[in-house]
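Listed below are the residues making up each chain.
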Amino acid sequence: MASTTNFRPKLAMGTFVLLSVALSMTTASVTNGASSPSNRSIHAAGQHSDTKCQDGLILSVWQPEDNLTTGDRIARGLVYFFSLLYLFIGVSIVSDRFMAAIEVITSKEKEVRVKKAGGEEQIVVVRVWNETVANLTLMALGSSAPEILLSIIEIVAKNFKAGDLGPGTIVGSAAYNLFVIMAICVLVIPDGEVRKIKHLRVFFVTATWSVFAYIWLYLILAQISPGRVDMWEGFLTFLFFPATVITAYVADRRLLVYKYISKQYRMNRRGVIVQVEAESAMEMNNRDDKLNTIDENGGISEEVRDFEESRREYISALKDLRKKYPQHDLEQLEIMAQEQLMNKGPKSRAFYRIQATRKMMGSGNIMRKISERAQSDLSEVKAELQRVDVDEPIEEDAACRVFFEPGHYTVMESVGEFEVRVVRRGDLASTVTVDYETEDGSAEAGSDYIGKKGTLTFAPGVDEQRFQIQVIDDDVFEQDEHFYIRLSNVSEPAALSTPKVATVMILDDDHSGIFALTSRDHELVESIGTYELKVQRYSGARGRVRVPYWTEDGTAKAGKDFEALSGELIFENNEIEKVIQLVITEEGSYEKDVLMYVNLGEPQQIGGIIEAAERKAPEELTEEDKMALLGRPKAGDIVRAQLRIKESKEFKNTVDKLVQRANASILIGTSSWKEQFVEAITVSAGDDDGENEGEEPPTPSCMDYIMHFVTLFWKIIFAFIPPTDMAGGYLCFVVSIFCIGVVTAIIGDVASHFGCTLGIKDSVTAIIFVALGTSIPDTFASKVAAIQDKYADASVGNVTGSNAVNVFLGIGVAWTIAACYHSFHGREFEVEPGTLAFSVTLFCSEALVAIVVLMIRRNPKIGGELGGPKKAKIVTSIFLFSLWIVYLLISSLEAYGIIKGF
C-alpha cells in the first residue's frame, strides 16, 4: 500500500503540471484573440492589460496592478499559488475539527432494553442516527463544506451577482470525486480482492439524484429560464436536498413500495443491518440462520442482531488470539480482541477523512489510539463489574443480629459430644440474651441424643457463644437421622436472623455406608478452572471403601471443554466426604451451554470381615459373615451427575460492555482544550497503521516533522475551537463551520486574484485548482477506506450522495438567497449559462458512463466495483482518470472560446 507521504510530492508535481497547462492555454488564447470572433476570447485575451482585478470580500487586490511585466505576474502567481496551497491545508485542518464534531453528533448511542426469544431481558446499544441519513446530511455537509460555503460566500462578495468560482468548484469537485477518487480506489485494492457496494439500493437512489442534480442545473440555466434563475427555481433546487435524504432513507428502511419487494439482508460489523441484492445475499448462506432471520417490519430486532453479531466477532477474535498467543493471559487477550473489534469494524466517512488529514499533517494515525483505548475500556469495565459485585445491597433490618454459624451440623453417631456456635453481628455495645432448645426430627431425644435447652448471654463486646450437645451411640443398623436446635426470645435491641434453626444430621457408623453424589444436576461456569464434585457417605462410615468414578462426554467433549478423568476415591474409616477434582477448560465462549456427565461405580469394602465374606460362596457363609454383609457399602440414588458448563458471567458481562464501547468514533473526539493543544504541538508518525499488537509506535519521519511545522500555525489556531465533548459536539460544530467560512472566503479571494493575475478565468481556476485543493483530504480518506473496509460504501458509495448534496445545498442555497435579494429589489437574478451549462452537460454525460462501468464490474468475472484482477483494475482506473482529463481539457477549451459551447 502506498504511503501517504509518497502522495505529497506527487500532488505538488501534478498541481504544477496543471498550472503549466493553464498558463499555456491562456497564452494560446491571447495569441489567437484577434482572429476569434468570440467575446469571451477577446475578454480573456485582454485580461492582462485592460481588465482590472476586483477586491475580494476580505483581501484587496495586490497593488500596483498596472504596467506589470510577465515576470511580475508569474512571481505574484506563484505567491498566490503557494498561498492557496497553505489555505487548502488550513481548511483541511479546520474541516478535521468540523468532521470530528459531526462524528460525535451522529455516533450518539442509546441503551435499549429488549426481550430475547426465551424471555430474557437484554440491554443493547443502538445508534440514534440512521446511517444513511447521517451520510447524506451532516457527513456530506462536513466533507463538502468548503465548496458549499465558497459558493454562498461568492454570491455575497459579488453583491449577489452570479460568479463562476463557486459553481465551478462544485462541478469540478464532483468530477474529481467521481472520476479520480474512484480510479484510485479501484487501483489500491490488493490484487485478487474486491469491494462491493453493500447498500446497493441506496447507491442507486443517490446516483440517480447526483445525475439529476446536474441535469436540473442545465435545465434551469439553458432551457426553463435561460440567462436567469427565478426564486422558485433556486428554492426548488434546495428542496431536492431533503427529497434526496427521504428517498434514500425509504430505500434503506424498505418503506412504502419496498415493503412489497422480496427482502434479503446482510449486517455490518457493528453499525446497522442492511439489505442487499440477491447476488450479495448468497454470502449469507454460511451464517447462522437464527441470527439472520429478521422480521419484515425491522424494528428493534435488527439492533439486537447487530449486537449479537458484534459479540460473535469479538469471541471469534478472542479465540484466534488464544491460539496465536498462548502465552498471554486472558486480560491481555481481551485487550487485543477489543482493539481488533474497533480496528476492523466499519468506520464512517468522517472517521476516514479525519484520519487522512491527520496523517498528512504529521498529527499521527488515529488507529494508534485504539490500543490505548482498548486497555482503558477493559480496565473501566472490570472496575465497573467489580463495583456492581461489591455494592450489592444487603438488607439489614436490625442493628444487631443473632444466628447460628454454621446452620448445619453433620456428626457421627459415635461422636459423643459436639459443639454448637451462635454468633451476633452488628452493634455489640449492649448485653443480649437468647434462648435455645432442641427439637425432634427423625432422631428422638433420649434414644438418639440428649435433649437440651438453655439461655445464652452475650456480654458487651462479645460476638459468639457456644454450647455442647450429646449424641447417643448404639450398635443397631439404622438410617441416618436428624434433629433441630431452635433460637428464640432474643432480647432487644437484637433480632434473630437466618439461620435461626440449626439442623443436626446423625450418621449411623455401624454400616459401611451408602455412597452418592450430593446432587444430580450441577451448573458451573467455564472460567471456574477446577470444579469440586462432592461424593457423600451416609448411613454409616465403618471401614475403608473404594468408589470408582469416570467422566463421560455429552455435548461437552473431553479435551475441548474438560479433561477426561477416571479413578477411585478411597474413603477411610469414619470419613464421610470426598471430592472429585474436575478440570474445566476455559475457551472464552459466549453463551456457552454444554453438558458432561460423571458416573460412580459400585463401592467396595477394602479389607476386614466384609471383604472376606464377599469372597465366599453363599453356602460357606457363617452367621457372622451374614451379619457383616448386611453392613457392606452400597450405591445411593444419585450415582450419575449431569454438569452444565456455561459461559463465565464475568466474561459475558465484559464482552457485552466492551462491544457497547467498540465505537471508534470516540477516538476522534476531544474532551478538553488541553488535549487539543497537546495534540497540536505533538509530532506523530503519519504512516503507521497501528495494526501490529505489542509493537512500539514508530518514530516520526522527516516528512512528518516538515508537515508538522508547516501546519503548526493552523493547528494552534484551530485548537481554540471548543472540544467535541462540550454540548454534545454542537458547539464545536457551530464554531468550526464559522472558521471554515472565514478560511473559505480567503480562498475565494486568493483564487480569484490568482486567476486574474495570470489571466486564468475563474471557471478554469475553479475546476482545476480549487476543486482539486478542497478534495485532497477526501482522496486519501477514500483510499484508506477502500483498503480497510470490507465494502465499498465508505469509499465510493458516498461520492454520489455528496455530489448531489453539493448542488442542492451549495448552489440551491446561494441562488435562492440571490434570487430573493433581486426579487426584493424588483430585479431578476441573471446567470449566464455559458461555461457552467456546458461543464454540467459534459459532466453528466461522463458520469453516466462512469456509473455504468462500475455496475458492469459487479459481474462475476470481476466481482465488485473496486479491485478485482490486476488488468481489470488498471484498465478501469486509466479509463476513469481519462474521463477527468477529458472533462478538464474540454471545459477549459470551451471557457476560452476555443471550442463552441452554449
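Conventions used here
Residues numbered from 1 in each chain as written. Predicted model: local features only at pLDDT ≥ 70, side-chain atom pairs only at ≥ 80, totals over all residues. Heavy atoms only, no water. Helix = DSSP H or I, 4+ residues; strand = E, 2+ residues; numbered from the N terminus. Buried < 20%, exposed > 50% of the residue type's maximum accessible area, 1.4 Å probe, protein only. Areas by Shrake-Rupley, 256 points an atom, 1.4 Å probe, with all protein chains shown as cover. Disulfide = S-S within 2.5 Å. Pairing = 2+ DSSP bridges. Phe/Tyr/Trp six-rings, centres within 6.5 Å; stacked < 30°, edge-to-face > 60°. Axes fitted to C-alpha atoms, helices over the stretch in contact; angles between N-to-C directions. Parallel < 35°, antiparallel > 145°, perpendicular 65-115°, else oblique. Left-handed = near helix turned anticlockwise from the far one by under 90°. Contact = heavy atoms within 4.5 Å. Nonpolar A, V, L, I, M, F, W, Y, C, P; charged D, E, K, R; others polar.

Of regular secondary structure, the protein chain possesses 23 helices and 27 strands. Here the protein chain holds 902 residues, and the buried ones make up 53% of them. Accessible surface, the protein chain: about 39700 Å² in total, of which carbon and sulfur atoms supply 57%.

Applying the stated criterion across every chain, the model contains 1 disulfide. Free cysteine Cys732: the closest other cysteine sulfur is in Cys739, separated by 9.2 Å. Judged by relative accessible area, which is 0%, Cys732 ranks as buried.

The next point concerns the sheet that holds strand E16 (residues 514-517). Read across the open sheet, the 4 strands follow the order E21-E18-E16-E24; overall the sheet is mixed. The sheet is open, and its two edges are formed by strand E21 (577-583) and strand E24 (634-635), each paired on a single side. Of the pairings in the sheet, the one linking strand E18 (residues 530-538) to E21 comprises 7 bridges and is antiparallel in character. Across the sheet, Gln536 pairs through a bridge with Glu577, a residue of E21.

Let us look at unusual backbone geometry. Omega for the peptide link from Glu492 to Pro493 comes to 5°, which places this bond in the cis form. When you line up the elements, Pro493 lands in the loop between strand E13 (481-488) and strand E14 (494-496). At the junction of Thr498 and Pro499, the peptide bond is cis and its omega measures out at 0° in the coordinates. Among the secondary structure elements, Pro499 is positioned in the loop between E14 and strand E15 (501-507). Positive phi values are uncommon outside glycine, yet Phe160 reaches one of about 65°. Along the chain, Phe160 turns up in the loop between helix H4 (131-157) and helix H5 (165-188). Among the residues examined, Phe160 registers a relative accessible area of 19% and is labelled buried. Backbone geometry places Asn489, a non-glycine residue, at a positive phi of 55°.

Turning to the packing of aromatic side chains, a few remarks are in order. This model, assessed by the stated rule, comprises 28 aromatic pairs. Between the aromatic rings of Phe98 and Phe733, the centroid separation amounts to 4.9 Å while the plane-to-plane angle is 40°, which identifies the pairing as tilted. Taken as a pair, Phe98 in helix H3 (residues 70-106) and Phe733 in helix H19 (residues 730-758) lie far apart in primary sequence, 635 residues in all. Both residues of the pair, Phe98 and Phe733, belong to the buried class. Relative to Phe829, the ring of Trp815 lies with its centre 6.4 Å away and its plane at 70°, an arrangement referred to as edge-to-face. Of this pair, Trp815 sits in helix H21 (residues 793-824) while Phe829 sits in strand E26 (residues 829-830), and the two are 14 residues apart along the sequence. Both residues of the pair, Trp815 and Phe829, belong to the buried class.

Each pair of packed helices can be described by the angle between their axes along with the distance between the axes. One way to put it is that H4 packs onto H5 with a least axis distance of 7 Å and a crossing angle of 160°. Judged by the inter-axis angle, H4 sits roughly antiparallel to H5. You can see that H4 and H5 cross each other, and the crossing is left-handed. Where H4 abuts H5, its residues Glu147, Leu150, Ser151 and Glu154 lie against Leu165, Gly166, Pro167, Thr169, Ile170 and Ser173. Split by residue class, the contact of H4 with H5 holds 4 nonpolar, 4 polar and 2 charged.

To continue, consider the sheet that holds E14. Across the sheet, 4 strands lie side by side as E12-E9-E7-E14; this open sheet has mixed pairing. The open sheet has two edge strands, strand E12 (464-470) and E14, and neither has a second partner. On average, each strand axis in the sheet is inclined to that of its neighbour by 25°, with strand direction left out of account. The pairing of strand E9 (residues 417-426) with E12 spans 7 bridges and is classified as antiparallel. Bridge assignment links Glu419 to a residue of E12, and that residue is Gln468.

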